[in-house]
Amino acid sequence: MLTTASTTLETTMPSPAEQLRETLRARREQKELLLMTHIVLGYPNFDDSLCVVESMVKDGVDLMELQIPFSEPMADGPVILRANAQALAAGATTEQCMRFAERVSAEFDIPFLFMTYYNILFATGVEQFVRTMAEVGIQGAIIPDLPPEEGGEYLSAMKTQGLAPVHIFTPSSSPERLRELAQHSDGLVYCVARKGVTGKDTAFSSDLDAYLARCRESTDLPLALGFGVKSKEDMDFLRGRVDIAVVGSETIRVMEQRGVGAVSAFIEGLNAR
Amino acid sequence: MQHSGYFNQFGGAFIPEILVPTFNQLEAAYLQAKDDPQFWQDYETLMSTYSCRATPITFAQNLTEHFGGAQIYIKREDLNHTGAHKANNVMGQGLITRRMGKRRVIAETGAGQHGVATATMAAKFGFDCTIYMGAVDVARQRPNVFWMEQMGAEVIAVEDGSATLKDAINEAFRDWVTNMDDTHYVLGTACGPYPFPEMVCWLQSIIGKEARQQMLERVGKLPERVYACVGGGSNAMGIFSGFLDDKEVELVGVEAGGRGRGMGHHAARLAYDDAKIGVAQGYKTYFLQNGDGQMQDTHSVSAGLDYVGVSPILADLHERGAARFEAATDDEVVEAMRLTVRKEGLIPALESSHAFVQAFKEAPSMASTDVILINQSGRADKDIFTVADAIDDPKWKQFIINKAEEYRRADNSIDNTGDDHA
Ligand SMILES: Cc1ncc(COP(=O)(O)O)c(C=O)c1O
């Protein structure tokens, strides 16, 4: 792990979670629908990951989810699954991901979150992992296989470091469950648009409205919606319904089919009004 | 859920949020079935009329004389319909699926035994069925794939990751998070998120219940030691659970030693010291992983034992010293199997033969008044290709060559007729 001297947050300095909330609030004043993108670190290699971050920030992406690859990405569909496997086959390590995070959060002025599976934290030691996260400038994390019932150590470490744990709302979650998840979340909540894994199509229709209303009622945090968002039409649909649109698999698909250079035009297209 | 599903530090339910209601429903159905004496009665009736329960214990007289030590008894799970203990778990989960009102089942399979058992159950209960199987396993267990497809199951070869059991489990979960409303995931071993480990052990405990009673009736005493192979741990927990309260009975789990020690060469999570505690596939246990927590490749001659994790219940027994864990290497396994076939006319699956290896190592130094019990979890019909290769049987090879020639000729003549009509 990184050996940067551990940062003790002064009480006067806003915590990373507070900074995240403030950034999102300020950006939302300028823009009705924010765009969060998701990339798999080290896929196809760290140089390309850096180029993608650079181009996304330039093209107006508002925040990014950086996935630390894991060998068993249970909640991910074929595109992200293979990106995980190939990043690992190319030798990506947690340590490299931390260094990458340190670099991009120093260089680019948008919030970065980690997305990964619990074993990545557990193998390092949850407390140490979270401390390093804070040191490298990551503001929050999404751990899809860690429900709050199992997340005691994680949640208290995140709290100590002032980081934002982001939980996942789903269409099958009961109103009580949504409130429970919201209580344990900070920064934003991630609403999945449908059942299933990442990377499959979603038919965006007003059927979503009742679910999104339930999400709204459960929290004051900004709502991010992901799973299947991939076009300007999807963005237009989501504008006014949620605060943040999440684009994951589609960017990877664009990169695979048309190269890293094509990502910029794709993002510009999404953000076009 | 009402319970957390921990066995000291092992177990739990690390599930994606979308499955929370599904797990609540499953836990409720499981606890209800467990509380309902009628359920167990229906289960025993089903198993005694559709499968071969109670399976007998067999005294292996020739092996006993050969080793000249402890008396060797064998619990015959190979006599279950579909040839392995997997049927116990599957039929029980079939009854639970029906109670939940679901119409489709999915399952992962390694050796294919659990897949065949699930396909059988689906055919009998009238469920739709999809089986996920690592592409490597599809290639080495074609006979089981053949039967699954005959029974109407769709078999999906999983190419991702190491293309073995763990990858099939991931893929089954991906199906489940999409189709949970009408689909039950019939997990095949005592692993995965709570309530699976506990529920599977409960259904498999029928082995141990019978075995304990049979030992008392037939032999007049409990065995000194009980041996079972350990993949995920369901047959081991099944037989062990009959003797957990009998402190004088030593429980011995035998894992896949493969080519011997060293990461990548085996699948011994407890017997060797390459595994570390981690969380994957929804639960906490010992996993064969690297320092970053990435799962590593495993190896075993038997497709059913090469899993990266192990039942949290066994991990706990291991930690508490309530069971002992050993490993048997590929070569030892084939040798023990050949000896058992030759001496007793029994055909233990390569998985089961791991248990025989350890029993054979220990029997000679035990007293002739001592009794040991081996769980023969399955029979080796499915392993005929692997075993024939290991034994390097020239007549088998010639048979396959001839068969291939026959198919090729038939193919050519079809092609030719095709051309004629073109
Ligand atoms: C015959 C047989 N025995 C044992 C196993 C290992 O599974 P478990 O450890 O759950 O009993 C398998 C798995 O496929 C099997 O087919």
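Use the structure listed above.
About the criteria used
- Residues numbered from 1 in each chain as written.
- Chains lettered and ligands numbered in written order.
- Predicted model: local features only at pLDDT ≥ 70, side-chain atom pairs only at ≥ 80, totals over all residues.
- Heavy atoms only, no water.
- Buried < 20%, exposed > 50% of the residue type's maximum accessible area, 1.4 Å probe, protein only.
- Helix = DSSP H or I, 4+ residues; strand = E, 2+ residues; numbered from the N terminus.
- Pairing = 2+ DSSP bridges.
- Axes fitted to C-alpha atoms, helices over the stretch in contact; angles between N-to-C directions.
- Contact = heavy atoms within 4.5 Å.
- Polar contact = N/O pair within 3.5 Å; in protein donor to acceptor, adjacent residues only side chain to side chain.
- Near = heavy atom within 4 Å.
- Areas by Shrake-Rupley, 256 points an atom, 1.4 Å probe, with all protein chains shown as cover.
- Nonpolar A, V, L, I, M, F, W, Y, C, P; charged D, E, K, R; others polar.
- Domains from an automatic or database assignment.
- Phe/Tyr/Trp six-rings, centres within 6.5 Å; stacked < 30°, edge-to-face > 60°.
- Lys NZ or Arg CZ within 6 Å of the ring centre and 35° of its normal.
- Salt bridge = Lys/Arg side-chain N within 4 Å of Asp/Glu carboxyl O.
- Lys, Arg positive; Asp, Glu negative; His and termini not counted.

Student: Can you walk me through the pairing of strand β4 (residues 71–76) of chain B in this structure?
Tutor: In the case of a regular strand, side chains alternate between the two sheet surfaces. All names here are of chain B. Taking burial as the measure, the 6 residues of β4 include 5 buried ones, the bulk of the element. Note: strand β3 (residues 57–59) against β4, 3 bridges, orientation antiparallel. Bridge pairing links Thr58 to Ile74 in β4. Pairing between β4 and strand β14 (residues 371–376): 6 bridges, direction parallel. Bridged to Ile72 within β14 is Ile372.

Student: When you look at the sheet that holds β14 of chain B in this model, what are you seeing that I'm missing?
Tutor: The strands making up a sheet associate through backbone hydrogen bonding, with each pair oriented either parallel or antiparallel. All names here are of chain B. The strand order β3-β4-β14-β9-β10-β13 describes an open sheet built from 6 strands, whose pairing is mixed. Since the sheet does not close on itself, it has two edges, and those belong to β3 and β13 (324–329), each with one partner. The sheet shows a mean angle of 30° between the axes of neighbouring strands, direction not considered. In this structure, strand β9 (residues 225–229) lies alongside strand β10 (residues 250–258), joined through 5 bridges in parallel fashion. Across the sheet, residue Val226 finds its bridge partner in β10, namely Leu251. Most of the contacts of helix α9 (residues 196–219) go to β4, to which it runs at about 140°, and overall it touches β3, β4 and β14.

Student: Sorry if this is basic, but what is going on with the environment of Thr298 of chain B here?
Tutor: Residue and element names in this part refer to chain B. Looking at where Thr298 falls in the secondary structure, it is placed in the loop between β12 (283–287) and α11 (312–319). With 42 residues separating them along the chain, Thr298 and Ala256 place their C-alpha atoms 9.4 Å apart. At 2.6 Å, the side chain of Thr298 and the backbone oxygen of Asp306 are in polar contact.

Student: Would you explain the site of the ligand in this entry?
Tutor: Residues and elements named next belong to chain B. As a structural note, the neighbourhood of the ligand is formed by 18 residues, with Thr189, Gly231, Gly233, Ser234 and Ser377 the closest of them. Between Lys86 and the ligand, the recorded distance is 3.2 Å, taken from a side-chain N or O atom to an oxygen atom. Measuring from an oxygen atom of the ligand, one finds a side-chain N or O atom of Thr189 at 2.5 Å. Considering the ligand on its own, with 390 Å² of exposed area, one finds that the protein chains cover 97% of that surface. Residue composition of the shell around the ligand, grouped by class: 5 nonpolar, 11 polar and 2 charged. When residues of the shell around the ligand are sorted by domain, at least three fall in each of domain 1 (12–49 + 84–196) and domain 2 (52–83 + 205–385).

Student: Please clarify how the packing of aromatic side chains should be interpreted in this entry.
Tutor: For any pair of aromatic rings, the description rests on two quantities: the centre-to-centre distance and the angle between the ring planes. The full count for this structure, using the stated rule, is 28 aromatic pairs over all chains. Ring geometry for Phe114 of chain A and Phe129 of chain A: centres 6.2 Å apart, planes at 45°, overall tilted. Placement of Phe114 of chain A in strand β3 (residues 112–115) and of Phe129 of chain A in helix α6 (residues 126–135) is noted, with a sequence separation of 15 residues between them. Judged by relative accessible area, Phe114 of chain A falls into the buried class, the value being 0%. Judged by its relative accessible area of 1%, Phe129 of chain A is buried. Look at Tyr185 of chain B and Phe196 of chain B: their rings are 6.1 Å apart centre to centre, the planes differ by 55°, and that puts the pair in the tilted class. With Tyr185 of chain B in strand β8 (residues 183–185) and Phe196 of chain B in helix α9, the pair connects residues that are 11 residues apart, well separated along the chain. By the burial criterion, Tyr185 of chain B is buried, and Phe196 of chain B matches it. Following the ring pairs from residue to residue traces out a cluster consisting of Phe23, Phe173, Trp176, Tyr185 and Phe196 of chain B. The residue whose ring lies beneath Arg241 of chain A is Phe237 of chain A, and the NZ or CZ to ring-centre distance is 3.9 Å. Above the plane of the ring of Trp40 of chain B lies Lys209 of chain B, whose end atom (NZ or CZ) is 4.1 Å from the centre.

Student: Is there a simple way to explain the pattern of salt bridges in this structure?
Tutor: When charged atoms on two side chains of opposite charge get close, those side chains can pair. All names here are of chain B. This model, assessed by the stated rule, comprises 48 salt bridges over all chains. Across the pair Asp36 and Arg99 runs a salt bridge, and its minimum N-O distance is 2.7 Å. Of the two residues, Asp36 is situated in the loop between α1 (20–35) and α2 (37–49) and Arg99 in helix α4 (residues 86–100); the sequence distance between them amounts to 63 residues. For Arg99, a relative accessible area of 39% puts it in the partly exposed group.

Student: What is the right way to read the side chain of Lys86 of chain B from this model?
Tutor: All names here are of chain B. Among the secondary structure elements, Lys86 is positioned in helix α4. In this structure, Lys86 is buried with no salt-bridge partner, the nearest side chain bearing the opposite charge being Glu108 at 6.5 Å. The contact partners of Lys86, leaving out residues within four places of it in the chain, are Gln113, His114, Ala117, Gly188, Thr189, Gln204 and Ser234.

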